[in-house]
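The lines below spell out each chain.
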Amino acid sequence: MRLSACRIDSSRPHGLAIPGFHALPDLVVVRAIGDGSLEAITMRLGVLHALEALGVPLVNSARSIERCTDKSMASFLLARACVPAPETFATQSLAQARDIARRECASGVLVMKPLFGAQGWGLRLIEKESDIPSVEEARGVYYLQRFVGPSRPPYEDMRVLVSRGEVVAAMKRRSSHWITNVRQGAKPLVAEPTREERDMALAASEAMGTIVAGVDLITSAQGRPMVLEVNSMPGWSGLQRITPFSIAERLAADALSLLPARRNALKALG
């Protein structure tokens, strides 16, 4: 079902109206929030918060989705957890964004990303102060991150899929373009993360509070992995192409394993 079809209804016993359910669901796996206005997105997240308040297990929680979706908060939390990531700057001021570009571009290129973007859409390279767009084009927020990677193709990073504190699968994404999302043409390749890369992906997922996460890693010029992004609603179509088992079945089993914990919690409540 779509979150947009769910609603708050205080006339109902649990205060929620969920299509197809007369009672509460046993479990919710969140695959997408969907497009919409700030008000619409806020309400959909409110439905998830309400489900959690009613004791329904969520994969992932509303809070962890909010943390991952807001790239500025994700960068803050990764830094607080001492997880290596590219230097990041976020501001709502055009003047400050220009100052950052003037100062930081002397040391290398920056990448400007939409705060709530996904699948690599809306990214742009910032090589000089004049590359900073208007406030309207930036939608009021400038999220600037140090570009990490080679200066020419091939470009490559790694996606690590994490579930319940374990690495499920991983792939390298190789492209002739510096944006390496599979949906934008990158090729998925079989990869075996090192111990350091595994630990980093797990630490990043833990910092965001996610049960399932797609953690994007990239190797710095010094040969050390860094976390680019943590996705709380990751897709796996590209990863499935080079994975010999059903990722969906593994994630479903991990999600269903949360059900006994809920039943025990409800019993404890009487």
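Being a predicted model, the structure only gives us computed values, none of them experimental. (Residues numbered from 1 in each chain as written. Predicted model: local features only at pLDDT ≥ 70, side-chain atom pairs only at ≥ 80, totals over all residues. Heavy atoms only, no water.)

Undergrad: Summarise the overall build of the protein; cite the residues concerned and give the values.
TA: Within the protein one finds eight helices and 13 strands. By the compact-globule yardstick of 18 Å for 270 residues, the protein fits well, its C-alpha radius of gyration being 20 Å. Dimensions of the protein, computed from C-alpha atoms along their principal axes, come out at roughly 60 × 45 × 30 Å. At a minimum sequence separation of 6, the contacts of the protein that also span at least 24 residues come to 60%. A total accessible area of about 14500 Å² is found for the protein, and carbon and sulfur atoms account for 53% of it. Put simply, the protein has 33 plus and 27 minus side-chain charges, and the middle of one group is 3 Å from the middle of the other. (Helix = DSSP H or I, 4+ residues; strand = E, 2+ residues; numbered from the N terminus. Rg over C-alpha atoms; globule rule 2.2 N^0.38 Å. Contact = heavy atoms within 4.5 Å. Areas by Shrake-Rupley, 256 points an atom, 1.4 Å probe, with all protein chains shown as cover. Lys, Arg positive; Asp, Glu negative; His and termini not counted. Charge placed at Lys NZ, Arg CZ, Asp CG, Glu CD.)

Undergrad: Tell me about the layout of surface pockets, residues and numbers included.
TA: Its volume calculated, the second largest pocket comes out at about 290 Å³. As for the second largest pocket, its lining consists of 15 residues, of which M1, R2, L3, R31 and A32 are closest to the centre. Residue assignment for the lining of the second largest pocket shows that the elements contributing at least two residues are strand 3 (28–29) and helix 1 (38–53). Sorting elements by how many residues they give to the lining of the second largest pocket places helix 1 first, with three residues. The residue inventory of the lining of the second largest pocket, partitioned by class, reads 10 nonpolar, two polar and three charged. (1 Å grid on protein atoms, 1.4 Å probe; cavity = no way out; pocket = protein on both sides within 12 Å on 5 of 7 lines; lining within 4 Å. Points joined across faces, edges and corners; volume = space filled by probe spheres on them. Nonpolar A, V, L, I, M, F, W, Y, C, P; charged D, E, K, R; others polar.)

Undergrad: Break down the pairing of strand 8 (residues 142–146) for me, with residues and values.
TA: Most of strand 8 sits out of view: five of its five residues are buried. The alternating pattern of strand 8 places Y142, L144 and R146 on one face and Y143 and Q145 on the opposite face, and all of these are buried. Here strand 5 (residues 88–91) pairs with strand 8 via four bridges, running antiparallel. Counted as the bridge partner of T88 is Q145 from strand 8. Bridge count for strand 6 (residues 110–113) against strand 8 is four bridges, and the pairing is antiparallel. Residue pairing in the sheet places M112 in a bridge with L144 of strand 8. (Buried < 20%, exposed > 50% of the residue type's maximum accessible area, 1.4 Å probe, protein only. Pairing = 2+ DSSP bridges.)

Undergrad: Talk me through the packing of helix 1 against helix 2 (residues 62–69); I want residue IDs and the actual numbers.
TA: Running from N to C, helix 1 and helix 2 point in directions that differ by 145°, and their axes come no closer than 9 Å. Counting all contacts with helix 1, which are made through L45, L48, H49 and E52, the residues of helix 2 involved are A62, R63, I65 and E66. Split by residue class, the contact of helix 1 with helix 2 holds four nonpolar, one polar and three charged. (Axes fitted to C-alpha atoms, helices over the stretch in contact; angles between N-to-C directions.)

Undergrad: How would you sum up the pattern of salt bridges? Please name residues and give values.
TA: Throughout the structure, instances matching the rule amount to 20 salt bridges. Its salt-bridge partner being R102, residue D99 comes within 2.7 Å of it at the nearest N-O pair. You can see D99 and its partner R102 sitting in helix 4 (residues 94–104), three residues apart, about one turn around the helix. A salt bridge links D199 to R195, with the shortest nitrogen-to-oxygen separation between them at 3.3 Å. (Salt bridge = Lys/Arg side-chain N within 4 Å of Asp/Glu carboxyl O.)

Undergrad: Could you give me a rundown of unusual backbone geometry, with the residues and numbers involved?
TA: At the junction of V59 and N60, the peptide bond is cis and its omega measures out at 5° in the coordinates. The omega angle of the peptide bond from P153 to P154 is 5°, so this bond is cis rather than trans. Position of P154 relative to the elements: it lies in the loop between strand 8 and strand 9 (155–163). A positive phi angle, near 60°, is found at R139, a position not held by glycine. Looking at the secondary structure, you find R139 in the loop between strand 7 (124–126) and strand 8. Under the relative-accessibility criterion, R139 is labelled exposed at 78%. With a phi angle near 50°, R164 is a residue other than glycine that sits in the positive phi range. Mapped onto the secondary structure, R164 falls in the loop between strand 9 and strand 10 (166–175). The partly exposed category is assigned to R164, whose relative accessible area is 44%.

Undergrad: I'd like to hear about the side chain of R44, residue by residue, with values.
TA: Looking at the element boundaries, R44 is found in helix 1. For the buried residue R44, which engages in no salt bridge, the nearest side chain bearing the opposite charge is D35, 6.8 Å off. At 3.3 Å, the side chain of R44 and the backbone oxygen of G34 are in polar contact. Setting aside anything within four residues of it in sequence, one finds R44 in contact with L3, S4, I33, G34, D35 and G36. (Polar contact = N/O pair within 3.5 Å; in protein donor to acceptor, adjacent residues only side chain to side chain.)

Undergrad: Requested: an account of the packing of aromatic side chains, with residues and values cited.
TA: Per the stated rule, a full pass over the model turns up one aromatic pair. With a centroid separation of 6.1 Å and 80° between ring planes, the pair formed by F147 and W178 is classed as edge-to-face. Pair noted here: F147 is in the loop between strand 8 and strand 9 and W178 is in the loop between strand 10 and strand 11 (187–190), with a separation of 31 residues, a long-range link. Residue classification places F147 among the partly exposed positions, given a relative accessible area of 21%. (Phe/Tyr/Trp six-rings, centres within 6.5 Å; stacked < 30°, edge-to-face > 60°.)

Everything listed is a geometric property; what it means functionally is a separate question.
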